[in-house]
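# Examining the three-dimensional arrangement
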Amino acid sequence: MFSTQFLDIPPLKHADGTVVLPGSKSISNRILLLAALSQGTTLVHDLLDSDDTQVMLTALTQLGCRIVRSSSGTGSTVEITGLGDAKSQQSVLSAKLYMGNAGTAMRPLTAALALLAGGATEFELSGVPRMHERPIGDLVDGLRQLGCQIEYLGQDGYPPLKIKAPKPFRLNEAIKVRGDVSSQFLTALLLALPLVATQDVVIEVIGELISKPYIEITLNLLARFGIKVQRDDWQKFTIPAGSRYRSPGSIHVEADASSASYFIALGAISTATTGFDDTNKAGFSGIRIEGVGANSIQGDIRFVEAAMAMGAIVNSGPNHLEISQGAWPLKAVDLDCNHIPDAAMTLAVMALYADGTTTLRNIASWRVKETDRIVAMATELRKLGATVVEGADFISITPPKTTSDWSTAAIHTYDDHRVAMCFSLAAFNPAGLPIRILDPKCVAKTFPDYFEALFSVAQSATLDIPVITVDGPSASGKGSLASQLAQKLGYNYLDSGALYRVTAFAALQQGLSLEAKDEDAIAELARSLVGKLHLRFEADTIWLNGDDVSHDIRSEAGGMHASQVSVLPLVRQALVTLQHRFRALPGLVADGRDMGTVIFPDATLKVFLTATAEKRALRRHKQLISKGFSAILSTLRADLEARDERDSSRSVAPLKPAQEALLLDNSDLSIEESVDQTLDWWQGKQCF
């Protein structure tokens, strides 16, 4: 997951490949609560691992559930031992539960705890400031009709809440709840009321019920746990007397259809590269989504219909979708989006690529989500050059008239995961402009690895992928500077010197000599480092075939072995080619001695880092001593000065600043100060 302050996405050109989606947030949190309310143990497969599910799991643990977690492919497997029936809950201790910004946890837990509370038990539920702005009054009113005692600890109608033991339950009259603000209120009642169904319990919906597909998910899952709810149209729901939660024993979480919308849109707005990606099925060039198909129980799967109305070509299988570009530009549409409220946000960005004005209607629920999504989408779309009209329950988007009318933008995400994911698709703009996503880590709410998934299938022109080079003499601190820059920006990191060291290390492991007689074999080995041998740089750690080889290759012997292989022309050629492969989305920070002069002469920013020989010798001395190696300071300084002379006078790629490099003498600077200076230079070159 990208946890940087911002993420710059270069202009994107094409996309093809396969994406495996994480589990559905809506299904995950419903299943967790149902498993917790059931007797016995439930094994939940492919559970979404996200902020919202972590909030629910933490709360259930506080309430006494036994939860055992393990990794399972793209999601988690969780074993939940339930709390049992309502009677056993009289001894549950009081608890203060923090719900973050997870509506799918706050609303259902409020209802369940209001029915479970007993004796002197009290529960408090709170969340982030935005959660305290999200209405819950209609749910509380419904629960109070039943006899539940719930107090507002802040503003009436909004969290935080205090829940006390209920009065005797009043089950003879129907519980009335509004349906036109959020379907989560009705879902919360449906999930919790079987706890007290000693007789038929009736819920009546006042007004139009929005987001009906989410209620269908709730009813489907309740049936899986033994609760057969009777539905009369969408206005009356009856939980039969004697209803009891029965664990299915094992249950799988379907992949998230809302998350699928971004990749359905991606297939609709992008063309595939020439040929077929080897992760796709033979004969198909486009985006393949695995984990969800047309038979999904989630209402947001109907986003497929909207995308097809705009021109996308979509084929579906039992558990997959295949999407490719059809009509271009996309067709403008006028749609009632009540049935796909979350996924409809993706249509707003697709509208940027349409042939006229697109209007999305019946989306009043956007205003009470993680942010006021109508305002948020309108504000950010205008930044890009769109003309936007917003109303109480609709938004109309007219795309920029010409390529020159497009603008780049730093997209404010409002701590809203869907805003961040939607606007990443604006990087396909015809003007070839980059897009900055502020606070990209907000996608952790439902899809922590969203940007990694996007970059795995999207392609950008090589020259559009930004590169920062950090060159300098030995012990100048260029590795520390470059690795920290990469972390700050979310970019890939290349330690070019380590490539030679790793190549020598791997060659010796395979019994090769580091001499000309084995040059061909060593060069072939070098070409396989990233692929077959799985070389990767992770901050200051270097991994090869799953092993941490950092200490081995950074030893003095490792440096001597690197010098031996670096003089072999075929090896050097292979490693130059390999270094170019590190230039990948969203960008690269590369350090070495010829990064800005030879390897990446077109780099956006070139830094030449240096320090006096005395300072560098002191740094090297401390480094060696800390690792348990003996060292003499005067000898180290003499060695560094001699190496500087060799490096600067060698015939191939001599050590020198690139013509346009910015010089940074860090003799008296901390690494943090060097990083800050370089980031300032980088920001000065950006268009945001």
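A few points on the structure.

About the cut-offs
Residues numbered from 1 in each chain as written. Predicted model: local features only at pLDDT ≥ 70, side-chain atom pairs only at ≥ 80, totals over all residues. Heavy atoms only, no water. Helix = DSSP H or I, 4+ residues; strand = E, 2+ residues; numbered from the N terminus. Rg over C-alpha atoms; globule rule 2.2 N^0.38 Å. Buried < 20%, exposed > 50% of the residue type's maximum accessible area, 1.4 Å probe, protein only. Contact = heavy atoms within 4.5 Å. Areas by Shrake-Rupley, 256 points an atom, 1.4 Å probe, with all protein chains shown as cover. Lys, Arg positive; Asp, Glu negative; His and termini not counted. Charge placed at Lys NZ, Arg CZ, Asp CG, Glu CD. 1 Å grid on protein atoms, 1.4 Å probe; cavity = no way out; pocket = protein on both sides within 12 Å on 5 of 7 lines; lining within 4 Å. Points joined across faces, edges and corners; volume = space filled by probe spheres on them. Nonpolar A, V, L, I, M, F, W, Y, C, P; charged D, E, K, R; others polar. Patch = residues over 30% accessible without salt bridge, like charges linked within 9 Å, V, L, I, M, F, W, Y side chains within 5 Å. Salt bridge = Lys/Arg side-chain N within 4 Å of Asp/Glu carboxyl O. Expected span 1.5 Å × (residues − 1). Arc of directions from axis to C-beta. Pairing = 2+ DSSP bridges. Axes fitted to C-alpha atoms, helices over the stretch in contact; angles between N-to-C directions. Polar contact = N/O pair within 3.5 Å; in protein donor to acceptor, adjacent residues only side chain to side chain.

## Notes on the overall build of the protein
On a plain count of helices and strands, the protein comes out with 22 helices and 33 strands. Here the C-alpha atoms of the protein give a radius of gyration of 29 Å, agreeing with the 26 Å that 2.2 N^0.38 yields for 688 residues. The C-alpha extent of the protein, read off along each of the three principal axes, is 95 × 60 × 45 Å. Taken across its 688 residues, the protein has 58% of its residues classed as buried. A separation threshold of at least 6 residues defines the contact pool for the protein, and within that pool the share at least 24 residues apart is 76%. Just so you have it, the protein exposes about 26900 Å², and 50% of that area is on carbon and sulfur atoms. Separation of charge centres in the protein, based on 64 positive and 76 negative side chains, amounts to 3 Å.

## A short note on the environment of phenylalanine 2
Its place among the elements puts phenylalanine 2 in the segment before strand S1 (6-9). Leave out the neighbours within four places in its chain, and phenylalanine 2 touches Leu7, Pro440, Lys441, Phe451, Glu452, Phe455, Gly490 and Pro586.

## Points about empty space enclosed by the protein
Going through the model one piece at a time under the given rule, you end up with 4 cavities of 30 Å³ or more. Counted as a void, the largest cavity has a volume near 170 Å³. Lining the largest cavity are 19 residues, with Lys25, Thr104, Gln184, Asp342 and Lys369 sitting closest to its centre. Among the elements of the structure, helix H1 (25-37), helix H3 (103-116) and helix H5 (183-192) are those that each provide at least two residues to the lining of the largest cavity. It is H1 that contributes the most residues to the lining of the largest cavity, 3 residues altogether. Class assignment of the residues belonging to the lining of the largest cavity gives a composition of 3 nonpolar, 8 polar and 8 charged. Of the voids in this model, the second largest cavity is the one considered here, and its volume is about 60 Å³. What lines the second largest cavity is simply Ser24, Lys25, Ser26, Tyr214, Ile217, Asp256, Ser258, Gln298, Gly299, Asp300, Asp342 and Arg418. Contributions of two or more residues to the lining of the second largest cavity are made by H1 and helix H6 (212-224).

## Some words on a negative patch on the surface
On the surface, a cluster of negative charge is contributed by Glu672, Glu673, Asp676 and Asp680. Take glutamate 672: it is sitting in helix H22 (residues 671-684). On the basis of relative accessible area, glutamate 672 is assigned to the partly exposed category, the value being 48%.

## Regarding H22
For H22, with 14 residues, the first-to-last C-alpha span of 20 Å sits near the 20 Å given by 1.5 Å per residue. Taken residue by residue, H22 has Ser674, Val675, Thr678, Leu679 and Trp682 as its buried positions. Along the axis of H22, the buried residues cluster in a sector spanning 130°; they form a single face. More than 90 degrees from the buried face of H22, the exposed residues found are Asp680 and Gly684. Buried residues along H22 sit in contact with S1, strand S26 (467-471), helix H13 (478-489), strand S32 (605-610) and strand S33 (662-665).

## Here's the deal with the sheet that holds strand S22 (residues 394-398)
Taken in spatial order, the 4 strands make up an open sheet running S19-S20-S22-S21, and their pairing is mixed. At either margin of the open sheet sits one strand with a lone partner, and together these are strand S19 (334-336) and strand S21 (387-390). Taking the axes of each pair of neighbouring strands and ignoring which way they run, one obtains an average angle of 10° across the sheet. Bridge count between S19 and strand S20 (residues 358-361): 3 bridges; the pairing is parallel. Bridge assignment links leucine 335 to a residue of S20, and that residue is leucine 360. Against the sheet, helix H10 (residues 373-383) makes contact with S21 and S22, and its axis sits at roughly 165° relative to S21, the strand it touches most.

## A short note on helix H2 (residues 51-62)
Helix length check: H2, at 12 residues, gives a terminal C-alpha distance of 17 Å against a target of 16 Å (1.5 Å per residue), a fit within 8%. Of the residues making up H2, those classed as buried are Asp52, Thr53, Val55, Met56, Leu57, Ala59 and Leu60. Looking at the residues trailing H2, positive phi occurs at glycine 64, about 115°.

## Quick look at the side chain of arginine 572
Turning to its location among the elements, arginine 572 is positioned in helix H18 (residues 569-581). In this structure the side chain of arginine 572 is engaged in a polar contact, spanning 3.2 Å, whose partner is the side chain of tyrosine 500. Leaving out residues up to four positions away in the same chain, arginine 572 has contacts with Tyr500, Ser566, Asp594, Arg650, Val652 and Ala653.

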